[in-house]
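# Fold and geometry: a report
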Amino acid sequence: MATALKIRRSSQAATLADVGREAGVSAMAASAVLNAAKTSTRISDETRARVLAAAEKLRYRPNATARGLAHRRMNTLGVAATLVGDEPNQYFLEVFNGIIQRAAASGQTATVFTLGDWDEAARRIPDFCDGRIDGLILLAPLLEPDATPWLPEHTPIVSVHANHAIAGVVNLESDEETGAFEMTRRLLAMGHRRILHVGGPPGALGAERRARGYLRAHAEAGLAPPADHLLRGAYSVEAGRDALESWLCRHRGQPLPDVVFAASDAIGLGCTERLLARGLHVPDDISVVGFDDTVLARTARMATVRQPLRELGAKAVDVLLARIDARVQDRAYSGPRNIVLPTEVVVRATLAAPRKARLSIA
């Protein structure tokens, strides 16, 4: 019987009761020693030493859930995002890198919850907040402002690049409109006049802001973009390829744009692939610039608008921890509800002055 008990225990985590039996004390006494309870001061040094030795011998590890309930925090942060399509989501990877680096430095664990799309949020996000996480980061959520009724009140929530302001949620974002404005102004100052903006999806706030910056720079320069030089589509390499090819086919015989200003680095890479497939040279025949400054842009040496993506992830952790601390201490969070980080134009090898002799679209 003793052998059977030993075999059974070898495949299971040791419990407080196991430690207590090994040390010859009650499970309550073992708990007081191992969880540093105030009552442990009543336990003799000799008993404390026996409990610690028994715990080490049995390789006892505290139950994280029980400890979390006792201390009102699990030291675990959740991240909710949509990961759709076959392409790696470089935006997500950059922001998540910042999240996990700051979480690790803060003694936190990060758990990723994936959604098929944001239409699932009302059904699934409350399930994510079932006690296993202290707070939740929503990454680029496409939620309506009336999401408040189903968002869990007991779990602090922070968003990065929310599509709308959401009551009760602190949002972090970058100054996308200014970034697009500054890039377009740089292009115009270089002499580019036919700037084709291959934008993001209709209805996406970031895409709208980038388009507004593109148009505002033209307006402030006293110029108007050529007709049909603002496209909309998904933030992907495939979407960039398809959108540009379709546009070029519709404009055969007309002047080739001086530059393609893509609303994301992924779109920019897709446009570059399509131009190269047509025998055009970047930037000698046409320049290409992107938006985000992901690893795609850095690897391809693509000029782009840098969003501080890793900084957004790290700052989201800082804000979320501040909100969690406020909840644990039963006080109100007093920080800002919307935090905007600056963007920056980055000039690389895919940007040059416009050709002196214009090319026509074949």
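### Some words on the packing of aromatic side chains
- Following the criterion strictly, the structure yields 2 aromatic pairs and no others.
- Between phenylalanine 92 and phenylalanine 96 the ring centres are 5.3 Å apart and the planes differ by 10°, which places this aromatic pair in the stacked class. Taken together, the positions of phenylalanine 92 and phenylalanine 96, both in helix α6 (residues 90-105) and 4 residues apart, correspond to about one turn of that helix. For the pair phenylalanine 92 and phenylalanine 96, a shared accessibility class is recorded, and that class is buried.
- Pairing phenylalanine 113 with phenylalanine 128 gives two aromatic rings, centres 4.3 Å apart and planes at 15°, and the pair type is stacked. In this pair, phenylalanine 113 is assigned in strand β2 (residues 109-115) and phenylalanine 128 in helix α7 (residues 121-128), connecting sequence segments 15 residues apart.
- A relative accessible area of 5% means that phenylalanine 128 is categorised as buried.

### A look at the environment of valine 289
- Along the chain, valine 289 falls in strand β9 (residues 287-292).
- Overall, valine 289 belongs to the buried group, its relative accessible area being 0%.
- As for valine 289 and arginine 301, which are separated by 12 residues in sequence, their C-alpha atoms are 9.9 Å apart.
- Not counting the four nearest positions on each side in its chain, valine 289 is found in contact with Met183, Leu187, Val260, Phe261, Ala262, Met302, Ala303 and Leu351.

### Some remarks on the sheet that holds strand β1 (residues 76-82)
- Within the open sheet, the 6 strands sit side by side as β2-β1-β3-β4-β5-β11. Their pairing is parallel. Because the sheet does not close on itself, it has two edges, and the strands there are β2 and β11 (338-341). The average angle at which neighbouring strand axes cross in this sheet is 20°, direction not considered.
- On the sheet, α7 packs against β1, β2 and β3 (135-139) and is oriented at approximately 160° with respect to β2.

### Digging into the sheet that holds strand β6 (residues 195-199)
- Pairing is mixed in the open sheet, where 6 strands are placed in the order β7-β6-β8-β9-β10-β12. A single partner strand is all that each edge strand has here, and the edge strands are β7 (230-232) and β12 (344-346). Across the sheet, the axes of successive neighbouring strands diverge by a mean angle of 20°, strand direction being ignored.

### Remarks on the pairing of β1
- When you tally the buried positions in β1, you get 7 out of 7 residues, the bulk of the element.
- Pairing between β1 and β2: 7 bridges, direction parallel. When the bridges of β2 are listed, glycine 78 appears paired with threonine 111.
- Note that β1 and β3 share 4 bridges and pair parallel. In the sheet register, leucine 77 faces β3, and the bridge partner there is glycine 135.

### Considering the packing of helix α2 (residues 16-23) against helix α3 (residues 27-34)
- At a closest axis distance of 8 Å, the pairing of α2 and α3 adopts a crossing angle of 100°. When the axes of α2 and α3 are compared, the pair comes out roughly perpendicular. Taken together, the residues of α3 that come into contact with α2 (itself represented by Leu16, Ala17, Val19 and Gly20) are Ala27, Ala30, Ser31 and Leu34.
- Residue composition of the contact of α2 with α3, grouped by class: 6 nonpolar, 2 polar and no charged.

### Looking at the state of the cysteines
- In total, this model carries 0 disulfides according to the counting rule given.
- We note that cysteine 249 lacks a disulfide partner, and the nearest cysteine sulfur, in cysteine 271, lies 13 Å from it.

### Focus on the packing of α3 against helix α4 (residues 45-58)
- α4 packs onto α3 with a crossing angle of 85° between their chain directions and a minimal axis gap of 10 Å. In terms of their interaxial angle, α3 and α4 are classed as roughly perpendicular. Along the contact surface, α3 presents Ala30, Val33 and Leu34, while α4 presents Arg48, Val51, Leu52 and Ala55.
- Looking at side-chain class alone, the contact of α3 with α4 contains 6 nonpolar, no polar and 1 charged residues.

Rules and cut-offs
Sequence order sets the numbering: in each chain, residues are counted from 1 along the sequence as written. It should be noted that, the model being predicted, local features are given only for residues of pLDDT at least 70 and side-chain atom pairs only at 80 or more, the latter also being counted only at that level, while totals for whole chains, interfaces and linings use all residues. To obtain the side-chain values, all non-hydrogen atoms of the structure were included, while hydrogens and water were left out. Geometry of aromatic contacts follows a simple scheme: Phe, Tyr and Trp rings, the Trp one being its six-membered ring, pair when their centres are within 6.5 Å, and the pair is stacked under 30 degrees between planes, edge-to-face over 60, tilted otherwise. Only runs of H or I of at least four residues qualify as helices and only runs of E of at least two qualify as strands under DSSP, and these elements are numbered from the N terminus. Throughout this description, buried means an accessible area under 20% of the type-specific maximum (1.4 Å probe, protein chains only), exposed means over 50%, and partly exposed covers the range between. A contact between two residues is defined here by any heavy atoms of the two lying within 4.5 Å. Note on pairing: DSSP must find at least two bridges between two strands before they are called paired. The axes are straight lines fitted to the C-alpha atoms, using for helices just the contacting stretch, and the angles between their N-to-C directions are given from 0 to 180°. Should an angle lie under 35 degrees it is considered roughly parallel, over 145 roughly antiparallel, and from 65 to 115 roughly perpendicular; all remaining angles are considered oblique. For this classification, the nonpolar set comprises Ala, Val, Leu, Ile, Met, Phe, Trp, Tyr, Cys and Pro, the charged set comprises Asp, Glu, Lys and Arg, and every other residue, Gly included, is treated as polar. Note on terminology: disulfide denotes any pair of cysteine sulfur atoms within 2.5 Å.

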